[in-house]
Number of protein chains: 4
Amino acid sequence: MPPIRVTVWSENAHENPEVRAIYPEGIAACIAHGLTPESGFSTRTATLDDPEHGLSEEQLAATDVLIWWGHRHHHEVADAVVERVQRHVWDGMGLLALHSAHFSKIFTRLMGTRCSLSWRAVGERERLWIVDPAHPITTGLPPFFELPHEEMYGEPFAIPEPGQLLLLSWFQGGEVFRSGCTWSRGSGKVFYFRPGHETNPTYHNPHVKRVIANAARWLARPNGRAAIPSGNIPVDKAPEKIEKT
Amino acid sequence: MPPIRVTVWSENAHENPEVRAIYPEGIAACIAHGLTPESGFSTRTATLDDPEHGLSEEQLAATDVLIWWGHRHHHEVADAVVERVQRHVWDGMGLLALHSAHFSKIFTRLMGTRCSLSWRAVGERERLWIVDPAHPITTGLPPFFELPHEEMYGEPFAIPEPGQLLLLSWFQGGEVFRSGCTWSRGSGKVFYFRPGHETNPTYHNPHVKRVIANAARWLARPNGRAAIPSGNIPVDKAPEKIEKT
Amino acid sequence: MPPIRVTVWSENAHENPEVRAIYPEGIAACIAHGLTPESGFSTRTATLDDPEHGLSEEQLAATDVLIWWGHRHHHEVADAVVERVQRHVWDGMGLLALHSAHFSKIFTRLMGTRCSLSWRAVGERERLWIVDPAHPITTGLPPFFELPHEEMYGEPFAIPEPGQLLLLSWFQGGEVFRSGCTWSRGSGKVFYFRPGHETNPTYHNPHVKRVIANAARWLARPNGRAAIPSGNIPVDKAPEKIEKT
Amino acid sequence: MPPIRVTVWSENAHENPEVRAIYPEGIAACIAHGLTPESGFSTRTATLDDPEHGLSEEQLAATDVLIWWGHRHHHEVADAVVERVQRHVWDGMGLLALHSAHFSKIFTRLMGTRCSLSWRAVGERERLWIVDPAHPITTGLPPFFELPHEEMYGEPFAIPEPGQLLLLSWFQGGEVFRSGCTWSRGSGKVFYFRPGHETNPTYHNPHVKRVIANAARWLARPNGRAAIPSGNIPVDKAPEKIEKT
């Protein structure tokens, strides 16, 4: 079986010293390290500053699953790149949107909604409950796991009703959130996973790493791209002969 | 009960003599006539050529349900107007997308998918089956109804899985199609209804008129706009006191 | 408009003195009192001890919406009555299942799943968040409301993915729960609403009363029963002539 | 990778000479032959006449996916066996319900609906369209395939809204049907696939064989059974300390 090719995209959040202390090589590199060759992955990282944000036609064609982390620079992502990514999702590339990617151009375009929520960044306790323990994305997880310090995201989360709801978060300050949600968009699958504020060491957590690896495996199409067919069917190609009436 | 305020939007398709013979006042006017004051509606029509396409902030604020028919001029609709319409849907305005509006900017933006399909415009027989006879949109319809001459639309229809599937079409030439689909987008509801090729007298059909009137009623929010709340919740406004750990 | 006819069914939980202190007339009567004639309801109550549990064919035929509260006596409900109720739901009667009715025969039969959950009855704080503030069932509610003392129900709740998820609960002890869920079953609609432990005064809470009234309105079919058609279609009644091939 | 263990269950329909001419070894054996060891399957067949219908606790525990074909003898299946099968589905066994199994006890119990439909058994042409070509169950199929002679099943099909709709049927006589539908029930997955009238050679069709093999692979849980956790959480085991208020 060939490896699942994952591109991990992020802004350069580690320009911030507080972030760099937690992720010396950057958030994208930390996430990529969790997707090992032994587990069947090959990875590359890409960032806003790369030519075409590291998401050229060729680079996307060689990507089975795109992982997206962004926060403060959503608006700097070029529309042409966003449209290209969207087309690749429609043709079968998987997309894993992390944390503040809820407001990224690519995620809001695929959802068709505002994707707003309430939030509070004081590093409170989050507990993630598994709603569907039988799903491939939650395989191997305990009934719940905790992150001692995270940003709070609270409902209502303005998304379309998910295809499947997999995780729910409890927050110390009293809120709840749909933290793991799947959707289909054309031939591609999308998964949103909530945790990952840049000043908390969330992507070092083994349960978070497991969700990301499970999701990357689930989002990949084993047979590559499969564009949905469309077009004009002329009358002589109709499956049934059409008699005029 | 105040009337449901419906804006019927269309391109000026009746510039085509073949269309004008069927819809002397235009498609939008024909649809609007079916939504009578006695049934609880007040209507206006709007078109591409109106200032701001007849969809200014004030005009949308006074619209409970927007009905959209477009075919050849989707790209001429200004992006700023599309964004304004999308915002109003998110805040609770209903949207009924008819026939070739599957490729309109507003519909594809709300869906987040390509919305492609296969088609054949030779005026073949279409039979629409009611999948869910208990839904308000299908109330009063027989088990199926027929349109003697229509354009064919065939699967796969590249949409997100509908919230509810209400009608399925059978075509003489051998295809099938999901012809009546609902979705939620923010506080607003969306319904797609397939029939309505401009050179067929489809919007004169009483069953089609009934679906449109039922849908307009179902799409309207009885209590007006209701934006989904969002924003920062400061720590002293958290529902629970957050103790540092 | 004729009133919505609601039957409120419960076990006689107020045989317990602690419960009787909270609900002197019983839980069913308290719930029924919240559905006033001025709001468009007519109500009756029924209980396990009534002939046919108060759910005869005639009584169900005169019921638009059945509200069900049960806890310790699920197994005493006669199978014949459960099958009758299920048939009426399939034909269009609405069902509102409250709290421990998650394990009632009628709810588990309509779901087709185990409907299990985790629980803890120590009277802790529950906070219910509105996930979809635009739905008729959540109309008029604040972003969240609290119940100072309730039994905890925790995920995973073994239900089929809801048609729509409307409310989520946060619990003081650290759990979360999908507390307001809708489904369609045949021509009938089902709503599950979590709160209502018998030794807490939950059904006196104005927000809880509002959810129940909103839900009863939403569950009622304005046009009465509508059985889904079925049966053999002989060849001479086929919509299209079938030529042998 | 260990093989996927499939049990193919059927009534002994080949007691009918017309059926025996098509399926000399029976329907179950024909289906089982399509699930080859080279494709990663191990199979056994079971029937109504076997002790416990061939579905003892041990036999089910050794089954990853159960394929069910039944038609005239649904009522002869013992309730205790149906409950056992349902429990295994809830704990992760996959179920593929074929054709007239729409009225089997196990399928209707898992759905919670009447599962009725309209039908006509005159051997007309059926054309199955792929609605979602990216799903594992439809992998490798052309945009549509035809069965020259089949029983017609028509909408409305009284099922809960499917998790995903994968195939739609067009019938010569003018009807349409949702022919491939998925649902989740507890830890188990369910797929309904329409074709397979016993007097037509449907299960010899290579496209039908492919759908069944794809479905069997999709329905199997790679990690075996995974019961959904539930139970009482005592106060000293609550994730958060509960202070009395």
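Description of the structure in this document. (Residues numbered from 1 in each chain as written. Chains lettered and ligands numbered in written order. Predicted model: local features only at pLDDT ≥ 70, side-chain atom pairs only at ≥ 80, totals over all residues. Heavy atoms only, no water.)

## Some words on the relation of the copies chain C and chain B
Quick reminder of the rule: Alignment of the copies relies on least squares applied to C-alpha atoms, considering only residues that score at least 70 for pLDDT in both. In this description, contact between two residues means that some pair of their heavy atoms is separated by no more than 4.5 Å.
Least-squares fitting of chain C to chain B yields an RMSD of 0.0 Å, with the superposition described by an axial translation of 0.0 Å and a rotation of 180°. The relationship between the two copies is best expressed as a two-fold rotation axis. When C-alpha distances to the rotation axis are compared across chain C, the minimum falls at C:Gly163, with a value of 3.7 Å. Take the interface residues of chain C: 100% of them recur as interface residues in chain B, which is what a same-surface contact looks like.

## Observations concerning the side chain of A:Ser118
Keep this limit in mind: Going along the chain from the N terminus, every DSSP run of H or I of four or more residues is numbered as a helix, and every run of E of two or more is numbered as a strand. Throughout this description, buried means an accessible area under 20% of the type-specific maximum (1.4 Å probe, protein chains only), exposed means over 50%, and partly exposed covers the range between.
Note on placement: A:Ser118 falls in strand 5 (residues 118-130). A relative accessible area of 8% places A:Ser118 in the buried class.

## Re helix 4 (residues 79-90) of chain D
All names here are of chain D. The test is simple: Working rule for helices: expected span equals 1.5 Å times residues minus one.
In a regular helix each residue adds 1.5 Å, so 12 residues correspond to 16 Å; helix 4 covers 16 Å between its end C-alpha atoms and thus fits that length. Looking at the buried side of helix 4, the elements it contacts are helix 3 (57-61), strand 3 (65-69), strand 4 (94-98), helix 5 (105-111), strand 8 (176-185) and strand 9 (188-193). Gly92 occupies a position one or two residues after helix 4 and carries a positive phi of about 130°.

## Notes on the interface of chain C and chain B
Test applied: A 1.4 Å probe defines the accessible area here, and the buried area is the portion of it lost by two parts on being joined, summed over both. For salt bridges, the criterion is a side-chain nitrogen of Lys or Arg within 4 Å of an Asp or Glu carboxyl oxygen. In protein, a polar contact requires one atom able to donate a hydrogen and another able to accept it; more generally it is a pair of N or O atoms within 3.5 Å, and residues adjacent in sequence count only if both atoms are side-chain atoms.
Of the residues lining the interface, 18 residues belong to chain C; the matching set on chain B comes to 18 residues. For the chain C and chain B pair, buried surface summed over both sides reaches about 1,300 Å², with 54% attributable to carbon and sulfur atoms. Considering only the surface of chain C that becomes buried against chain B, C:Ala134, C:Pro239 and C:Glu240 emerge as the three largest contributors, covering 35% of it. We note a salt bridge from B:Arg125 to C:Glu240, for which the minimum N-O separation is 2.6 Å. In this assembly, chain C and chain B are joined by six residue pairs in polar contact (both at pLDDT 80 or more). Taken together, the elements giving at least two residues each to the side of chain C that touches chain B come down to strand 5 (118-130), strand 6 (144-154) and strand 7 (164-171) of chain C. At three residues, the largest contribution of residues to the side of chain C that touches chain B is made by strand 5 of chain C.

## Focus on unusual backbone geometry
With an omega of 0°, the peptide bond running from B:Glu155 to B:Pro156 counts as cis. Its location among the elements puts B:Pro156 in the loop between strand 6 (144-154) and strand 7 (164-171). A positive phi angle, near 55°, is found at C:His53, a position not held by glycine. If you trace the backbone, C:His53 turns up in the loop between strand 2 (41-47) and helix 3 (57-61). The phi angle at C:Cys115 is positive, at roughly 60°, despite the residue not being glycine. With respect to the helices and strands, the residue C:Cys115 is situated in the loop between helix 5 (105-111) and strand 5.

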